[in-house]
Amino acid sequence: MTLSLNSTLKLPNGIILKNRIAKSAMSENMASKNHCANSRFATLYRRWANGGAGLLISGNIMIDSRYLGEPNNIVLEKGRSNEAIREWTRAGTENGTHLWAQLNHPGKQSPKFLSKEPVAPSAIALKAPLDRMFNTPRELTNEEIEEIIERFATAAKLAKDLGFTGVQIHGAHGYLVSQFLSPHHNRRSDKWGGSLENRMRFVVSIYKAIRDAVGLEFPIAIKINSADFQKGGFSQEDSMEVVKVLSELGMDLIEISGGSYESQEMMGTTKKESTRKREAYFADYCEQVRKIVKTPIMLTGGFRSLKGMNEALEQEACDLVGLGRSLVLNPEFPNQLMAGEDVKSEVHFLTTGWKIMDNIFPLEITWYTQQIHRMGKGLDPKPKMSVKASVLYTLISMGVDGLKRVRG
Ligand SMILES: Cc1cc2nc3c(=O)[nH]c(=O)nc-3n(C[C@H](O)[C@H](O)[C@H](O)COP(=O)(O)O)c2cc1C
C-alpha cells in the first residue's frame, strides 16, 4: 500500500492521528514569571493546529524547577499551579489535532547561569569549549534517581489533567535520559550503570512510572537518539536494543533523532557523510529500526520537500514525518503539502558572515526562537530576518548569557 501524508495513523493504543505530519518539539523559552504558560502559547499553537499537522509536540517542559535547560522553560511539578496551560491545550487541539507535552530533565546540559551544580549519572564534564558554559555535574544518589522518576510521572499526570492528549519523554540530544544511556556519560557501577540493561533501567523505569500514572489509553512517546555520535558513547546497536525493549513494553510512538550539545547532528550542521545521503538525516537508521519493531516510528531532522517525505513513507523508513524549523518559517506547510502544492521548506543556511561568531553562537536556536516569539505575539514569521540583527538582539536581551548555548 502506498502511504501518503494524508493517511491516518493508528497508534498501538487505538488512538488515531489524522495524518502523517508531526511538529517536533521546539523549546518556546517563552514562559511567564514562575515558569507558567501565558496567552502567547495559545496564539502560537492555534496557528500550528490550523496549519494542518496531525500531531504537535510541545517544546521541552521541565519536571523540576531547580534544573532548567533555559531560563523561560515551562515547569510541571507538584505544588505548582499552571492552570494557564489549559488555554494553550485548548488552542493546540483545535482542528482535531493532538498536542503532546515533551517532558525533560536537562541533567548536565543546564548552563552555568541556571545551575551552579547540575546533576548527572556521573561527574563527567561536557567537553571543551562547552565546559566553560556548563559546570561539572555532581553524581546523582540512588534516592535522587528514584525521585526524578517519580517527577516524570507526576509531570505526565499533570499534563494529562491540563488537557495535553499525550506525553513524550525527551530521551535524546544529550539530556539526562540520554546521559544515562551513554557509556561515556554514565560510569556508574550500581544498578543504573555498566551493562546496557542497567543503563536503560532509568528510561524503562520512567516509562513504567508514567504508564502507571496516566493509564493504558493515554499515548506515551519517546524521542531517542539513533546514536549520540560521540567516541565511546551511545551507539546505533545500543539504540536499537533500547528501542526494542521500549516497544515491547508498550511505548506508543518512537521518534528518532541524534546528537547532543557536544555533537549537533539533530540540526544537520555537522554534515557527516552518513547524514547527507538522504533528505532526512537519520533515515538509514530508521529503516533498520522499522524492520525490528511494530511501534510507529517518527523521523525528525532534515525533511524539506514533499518528495523527500513521501519517499521516507513509501520506503517504510518511518510512519510519521517530523518537522521542526520548516513549521517555524511556514506554519501552513502541512496543509500545503497535503494539498499537493509545489511548496518547499524555507529553511536555509544561517550565517552572520563571521566564521568565529558562527562557531560560538547557537544561531539555529536563537534565530528560530525569535521567530517562534513573533508567532506567539500573533505576527508572521520572517524568513528573511537578518541573522546579524538577531544575534545583536539576543546579546542585548540576554547580556553575556546570550553567548551561552541555550539548547539544541
Ligand atoms: C528553536 C529550536 C528549539 C528546539 N527545541 C527542542 C526541544 O525542546 N526538544 C527537542 O526534542 N528538540 C528540540 N529541537 C530540535 C527539533 O525538534 C528537531 O529535532 C530539529 O530542529 C531537526 O528538525 P528540522 O530539520 O525539521 O528542523 C529544537 C530545534 C529548534 C530549531
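Our subject is the structure listed above.
Residues numbered from 1 in each chain as written. Predicted model: local features only at pLDDT ≥ 70, side-chain atom pairs only at ≥ 80, totals over all residues. Heavy atoms only, no water.

1. Side note on the layout of surface pockets
So the rule is basically this: We place a 1 Å grid over just the protein atoms. Points where a 1.4 Å probe fits but has no way out form a cavity, open points with protein on both sides within 12 Å along at least 5 of 7 lines form a pocket, and any residue with an atom within 4 Å of a point lines it. Grid points are joined across faces, edges and corners, and a volume is the space filled by probe spheres set on the points. By definition, any uninterrupted DSSP run of H or I lasting at least four residues is a helix, any uninterrupted run of E lasting at least two residues is a strand, and each is numbered from the N terminus. Basically, the charged four are Asp, Glu, Lys and Arg, the nonpolar ten are Ala, Val, Leu, Ile, Met, Phe, Trp, Tyr, Cys and Pro, and anything else, Gly included, counts as polar.
Taken as a whole, the second largest pocket holds about 540 Å³ of empty space. Counting residues per element, the ones that place at least two in the lining of the second largest pocket are α14 (363–376) and α15 (387–398). Taken together, the residues of the lining of the second largest pocket break down into nine nonpolar, nine polar and four charged.

2. Overview of the site of the ligand
In plain terms, the rule: Definition of nearness: a residue and a molecule or strand are near each other if at least one heavy atom of the residue lies within 4 Å of the molecule or strand. Any pair of N or O atoms that falls within 3.5 Å is considered a polar contact. Within protein, one atom must be able to donate a hydrogen and the other to accept it, and sequence-neighbouring residues count only if both atoms are side-chain atoms. Per-residue and other accessible areas follow the Shrake-Rupley method at a 1.4 Å probe size, with only the shown protein chains counted as cover for residues. To qualify as sitting in a cavity or pocket, a molecule needs more than half of its atoms within 2 Å of the grid points.
Taken together, 25 residues are adjacent to the ligand, and Ala 25, Ser 27, Gln 102, Gly 324 and Arg 325 come closest. Between Ala 25 and the ligand, the recorded distance is 2.6 Å, taken from a backbone N or O atom to an oxygen atom. Note that a nitrogen atom of the ligand is positioned 2.8 Å from one of the backbone N or O atoms of Ser 27. Protein contact buries 100% of the 610 Å² of open area that the ligand shows by itself. Taken atom by atom, the bulk of the ligand overlaps the largest cavity. Here the shell around the ligand takes four residues from α14, the largest share from any one element. Its residues assigned to classes, the shell around the ligand comprises eight nonpolar, 12 polar and five charged.

3. Section: empty space enclosed by the protein
Taken as a whole and assessed by the stated rule, the structure comprises two cavities of 30 Å³ or more. Approximately 390 Å³ is the volume attributed to the largest cavity. If you trace the largest cavity, you find 28 residues lining it, with Ser 24, Ala 25, Met 26, Met 267 and Gly 324 closest to the centre. Broken down by secondary-structure element, the contributors of at least two residues to the lining of the largest cavity are β13 (320–323) and α14. The dominant element in the lining of the largest cavity, judged by the number of residues it contributes, is α14, at five residues. Tallied by class, residues from the lining of the largest cavity come to nine nonpolar, 14 polar and five charged.

Remember, this is a structural readout, not a statement about activity or role.
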